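Results of the structural survey
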Amino acid sequence: MNTPGVRLGGAVITNPAKPFWPDEGLTKLDLAKFYARIAGQILPWMKARPIVMERCPDGIRASCVYQKRAPHNLPGEVPTVTIPAQSSGSTIDYMVGGTRKTLLMLVNLGCIAVHVMNCRVDEVDKPDWLAFDLNPADGFPSA
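Residues numbered from 1 in each chain as written. Predicted model: local features only at pLDDT ≥ 70, side-chain atom pairs only at ≥ 80, totals over all residues. Heavy atoms only, no water.

With that settled, the discussion passes to the confidence of the model for the protein chain. Of all residues in the protein chain, 92% have pLDDT values of 70 or greater, and the mean over the chain is 91. Here strand E9 (residues 111-116) is the element of the protein chain with the lowest mean pLDDT, 92, and strand E4 (residues 26-27) is the one with the highest, 97. (pLDDT = per-residue confidence, 0-100. Helix = DSSP H or I, 4+ residues; strand = E, 2+ residues; numbered from the N terminus.)

Put into structure tokens, the structure is as follows:
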């Protein structure tokens, strides 16, 4: 049974009691509160950057999917940007980071991790940082 939504930081967190870390007893609302608490540190890093969502709607132990396209039912205050996808000849509407409401909407969509592009929306062809994501589980030695 779904519980009523909880309003937090201008967003509504639906099904707030849904377990996201079942072994630790942490819920979707716990994650939303965490992101609300660190918003001052994370929002400048996300500002004006397109978002690729890693959605884990059933928590960390369930399967996750990557999604580029912004959902059609976003509130009007959540910004999006249309970027051409050269590989397919189409365009993709991405959510744009930088607001508390957007950050919390990502949590509500089941995003535990937040992935931003390495460019800003006004210069998508000019990346301004580079990251290497090496995971020990991917076969890299940890020592």
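A separate point is the state of the cysteines. Tallied over the full model, the rule gives one disulfide. Sulfur of Cys111: no disulfide; nearest cysteine sulfur belongs to Cys56 and is 7.6 Å away. There is no disulfide at Cys119, and the cysteine sulfur nearest it, in Cys111, is 18 Å away. (Disulfide = S-S within 2.5 Å.)

Taken as a whole and assessed by the stated rule, the structure comprises six salt bridges. The salt bridge involving Asp23 is made with Arg61; its shortest N-O contact spans 2.7 Å. Taken as a pair, Asp23 in the loop between strand E3 (19-21) and E4 and Arg61 in the loop between strand E5 (50-55) and strand E6 (65-67) lie far apart in primary sequence, 38 residues in all. For the residue pair Asp23 and Arg61, the accessibility class agrees, reading exposed in each case. (Salt bridge = Lys/Arg side-chain N within 4 Å of Asp/Glu carboxyl O. Buried < 20%, exposed > 50% of the residue type's maximum accessible area, 1.4 Å probe, protein only.)

Before going further, it helps to examine unusual backbone geometry. Of note in this structure, Asn15 is not a glycine but carries a positive phi near 50°. Along the polypeptide, Asn15 turns up in the loop between strand E2 (11-13) and E3. At Ala48, a position not held by glycine, the phi torsion is positive, near 60°. Following the sequence through the fold, Ala48 ends up in the loop between helix H1 (28-46) and E5. Relative accessible area serves as the criterion here: at 24%, Ala48 is assigned to the partly exposed category.

What follows is about the nonpolar core. Counting residues in each nonpolar core, the largest one holds 30 residues, and the members touching the most others are Met46 and Met95. Going through the elements one at a time, E2, H1, E5, helix H2 (100-108) and E9 are the ones with two or more residues in this core. In this view, Met46 contacts Ile51, Gly97, Gly98, Leu103, Leu106, Val114 and Val116; residues no more than four positions away in its chain are not counted. In terms of nonpolar packing, the next biggest core, distinct from the first, is built from nine residues, Val52, Ile92, Met117 and Cys119 among them. (Core = buried A, V, L, I, M, F, W, Y, C linked by side-chain atoms within 4.5 Å. Contact = heavy atoms within 4.5 Å.)

Let us now look at the layout of surface pockets. Computed from the structure, the largest pocket encloses a volume of approximately 230 Å³. Lining the largest pocket are ten residues, with Tyr66, Val114, His115, Val116 and Asp133 positioned closest to its centre. Here the lining of the largest pocket takes three residues from E9, the largest share from any one element. Looking at the lining of the largest pocket residue by residue, the class counts come to seven nonpolar, two polar and one charged. Computed from the structure, the second largest pocket encloses a volume of approximately 160 Å³. (1 Å grid on protein atoms, 1.4 Å probe; cavity = no way out; pocket = protein on both sides within 12 Å on 5 of 7 lines; lining within 4 Å. Points joined across faces, edges and corners; volume = space filled by probe spheres on them. Nonpolar A, V, L, I, M, F, W, Y, C, P; charged D, E, K, R; others polar.)

In this model, H1 (19 residues) spans only 21 Å end to end at C-alpha, well below the 27 Å of a helix rising 1.5 Å per residue. Within H1, the axis deviates most sharply at Ala39, by approximately 75°. Looking at H1, one finds that the buried residues are Lys28, Leu29, Leu31, Ala32, Tyr35, Ala36, Ala39, Ile42, Leu43 and Met46. (Expected span 1.5 Å × (residues − 1). Bend = angle between axes of the 7 residues up to and from the residue.)

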